2 protein chains.
Amino acid sequence: MGIAERKEREKEQRRQAIIDAAEKVFFTKGYDSSTMDDIAEAAELSKGTLYLYFQSKDELHFEIMDRGNEILMGFMEKAIDPEKSGRENLRFLGEAFVEFSNRYPEYFQAMMFFQSRDVVQQKLNEQKLKKFIEGRSSISLLNAMVTKGIADGSVRNDLPVSHLTTLLWSQMMGILVMYSTKKPAFEYQQISRDQLVSIHLDLVRDGLKPRHTEDSGHE
Amino acid sequence: MGIAERKEREKEQRRQAIIDAAEKVFFTKGYDSSTMDDIAEAAELSKGTLYLYFQSKDELHFEIMDRGNEILMGFMEKAIDPEKSGRENLRFLGEAFVEFSNRYPEYFQAMMFFQSRDVVQQKLNEQKLKKFIEGRSSISLLNAMVTKGIADGSVRNDLPVSHLTTLLWSQMMGILVMYSTKKPAFEYQQISRDQLVSIHLDLVRDGLKPRHTEDSGHE
DNA sequence: CAATAAAATGACCGACAGTCATTTTTTATA
DNA sequence: TATAAAAAATGACTGTCGGTCATTTTATTG
């Protein structure tokens, strides 16, 4: 009996349709200013129905972040050139990130600024956490390229992979977030984002080079 | 007649008392979960009175951020050693930032996570913007040390001061924010924040060295 | 064509930021 | 000191919104 399967399919379609609607509304009015009734109207459903598919407004936000992450992953995977060294690929990944934020600014925003709501802080600690570290995430790609870089000798091997990876990710995130939130200040100082990122990636590239000298004073 | 002056003084005292109360409540329950009635109760005033002194809940948040910024400034000013090179001082500033976030985690949180609310985004564009760039802000201190570093030859001079400054600020911010929001993930990977920051500061120190010359004469 | 199950609805609730007519307190005036 | 005027404070009230649930509508089954 294919009815069950069809129902399953329809349910998933409706789920996606709701996310589509939420996306449209969020991207237009911003998260805080969007109401569940707005989303319901956009989805041509009643508010109650939304709650049959999602537990909360926050959950809709999460779904959109997931979509963004998928897209970002695509960009990054495409950017990798297996022929090139790990260190070169790390630069490609950085550039892919920027390209993503240019091409999909709304997704980028959604991914950047979901932090902060105190509620959200807790929810992460569960399944999402594992996903963040091990799952199909952008970080895992970054991790792979750091590892590759160390293996092929293009990246210094005196620093732990996990530390380098998170460092690269956090730094880039910090730059892009800062630029987004303080854009007018940057423009006022005539700092373009591409310039900034380019300088950053240059500094990182140099910083990752293997130390040919045995010095450097950290532990 | 000192009545006007006394009133002025009392008004300012009450203002501060309200901020004190808001601080207590925000730091205990978190911003989103705190209600204006909570704050009113803590301040032993009615809610209406709060609105005679502040326009909104957000404004109270801003005030607390300002306090945090003052404290941070103090830390940074104290950290500067005029005898040492600009490049060394930049490291001191980084360490001061971390120390601040250890000593005053609630202020730190408040300063980190005020971004995101879509409303807030707009409000910055006005006076706050100038303050951010030119005012008595942590960034201006950073800027001064970059400038000093270039002048004394301890920092490479082939990159614009403004870019370097914002880069350093954004990177550090990114690392600390990421660590705060994803703390469990970091702990799971046994990455300590101090380690991470230390590696970051090392990389920065190396990256800032003048190119083409192995200048270390100012150390 | 019932009987039943699944899906959808929208009126309703509680919580909360913000308002404002009224009351209380302080100051100025005579 | 008595009283008018100004300043400060109050808290009942409003509108909004996320989330709920008893009821209705639609689809499935026998």
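Everything discussed here concerns the structure shown above.
Bear in mind the structure is a predicted one, so any value in this text is a computation, not a measurement. (Residues numbered from 1 in each chain as written. Chains lettered and ligands numbered in written order. Predicted model: local features only at pLDDT ≥ 70, side-chain atom pairs only at ≥ 80, totals over all residues. Heavy atoms only, no water.)

S.K.: Now, about the overall build of chain A: what can you tell me, with residues and values included?
M.R.: Check the secondary structure of chain A and you find 12 helices and zero strands. Tracing chain A from N to C terminus, the helices and strands come up as α-α-α-α-α-α-α-α-α-α-α-α. Across the 219 residues that make up chain A, the buried fraction comes to 49%. Sequence-distant contacts, at least 24 apart, represent 70% of the contacts inside chain A between residues at least 6 apart. Just so you have it, chain A exposes about 11000 Å², and 51% of that area is on carbon and sulfur atoms. (Helix = DSSP H or I, 4+ residues; strand = E, 2+ residues; numbered from the N terminus. Buried < 20%, exposed > 50% of the residue type's maximum accessible area, 1.4 Å probe, protein only. Contact = heavy atoms within 4.5 Å. Areas by Shrake-Rupley, 256 points an atom, 1.4 Å probe, with all protein chains shown as cover.)

S.K.: Quick one: what's the story with the protein's contact with DNA strand C, residue by residue and with numbers?
M.R.: The local shell around DNA strand C holds 19 residues, among which A:R14, A:S46, A:T49, B:R6 and B:K47 are the closest. Taken together, the sugar and phosphate atoms account for 67% of what DNA strand C places within 4 Å of the protein. At 3.2 Å, a backbone N or O of B:S34 approaches a phosphate oxygen of DNA strand C. Broken down by secondary-structure element, the contributors of at least two residues to the surface near DNA strand C are α1 (3–29) and α3 (47–53) of chain A together with α1 (3–29) and α3 (47–53) of chain B. Here the surface near DNA strand C gets four residues from one element, more than from any other, and that element is α3(A). Grouping the constituent residues of the surface near DNA strand C by class yields seven nonpolar, six polar and six charged. (Near = heavy atom within 4 Å. Polar contact = N/O pair within 3.5 Å; in protein donor to acceptor, adjacent residues only side chain to side chain. Nonpolar A, V, L, I, M, F, W, Y, C, P; charged D, E, K, R; others polar.)

S.K.: So what's going on with the pattern of salt bridges? Which residues, and what values?
M.R.: Between side chains of opposite charge, a pair can form as their charged atoms come close. One pass over the full model with this rule turns up 31 salt bridges over all chains. With a shortest N-O distance of 2.7 Å, A:E23 and A:R67 are connected by a salt bridge. With A:E23 in helix α1 and A:R67 in helix α4 (residues 57–79), this residue pair connects regions lying 44 residues apart in the sequence. This pair shows no difference in class: A:E23 is buried, exactly as A:R67 is. In this structure, B:R205 engages B:D206 in a salt bridge whose closest nitrogen and oxygen atoms are separated by 3.8 Å. Look at B:R205 and you get partly exposed, because its relative accessible area is 22%. Judged by its relative accessible area of 15%, B:D206 falls in the buried class. Shared partners join several salt bridges into a network, and the residues in it are A:R91, A:E95, A:D202, A:R205, A:D206, A:K209 and B:R211. (Salt bridge = Lys/Arg side-chain N within 4 Å of Asp/Glu carboxyl O.)

S.K.: Explain the protein's contact with DNA strand D to me, and be specific about the residues and the numbers.
M.R.: A:R6, A:K47, B:R14, B:T49 and B:Y53 are the nearest of the 20 residues found near DNA strand D. Protein-adjacent atoms of DNA strand D, using a 4 Å cutoff, are sugar or phosphate at a proportion of 65%. At 2.8 Å from a phosphate oxygen of DNA strand D is found a main-chain nitrogen or oxygen belonging to A:M36. One nitrogen or oxygen atom from the side chain of B:Y53 is found 2.8 Å from a phosphate oxygen belonging to DNA strand D. Elements that contribute at least two residues to the surface near DNA strand D include exactly α1 and α3 of chain A together with α1 and α3 of chain B. Considering each element in turn, the surface near DNA strand D owes the most residues, four residues, to α3(B). A class-by-class count of the residues in the surface near DNA strand D yields seven nonpolar, seven polar and six charged.

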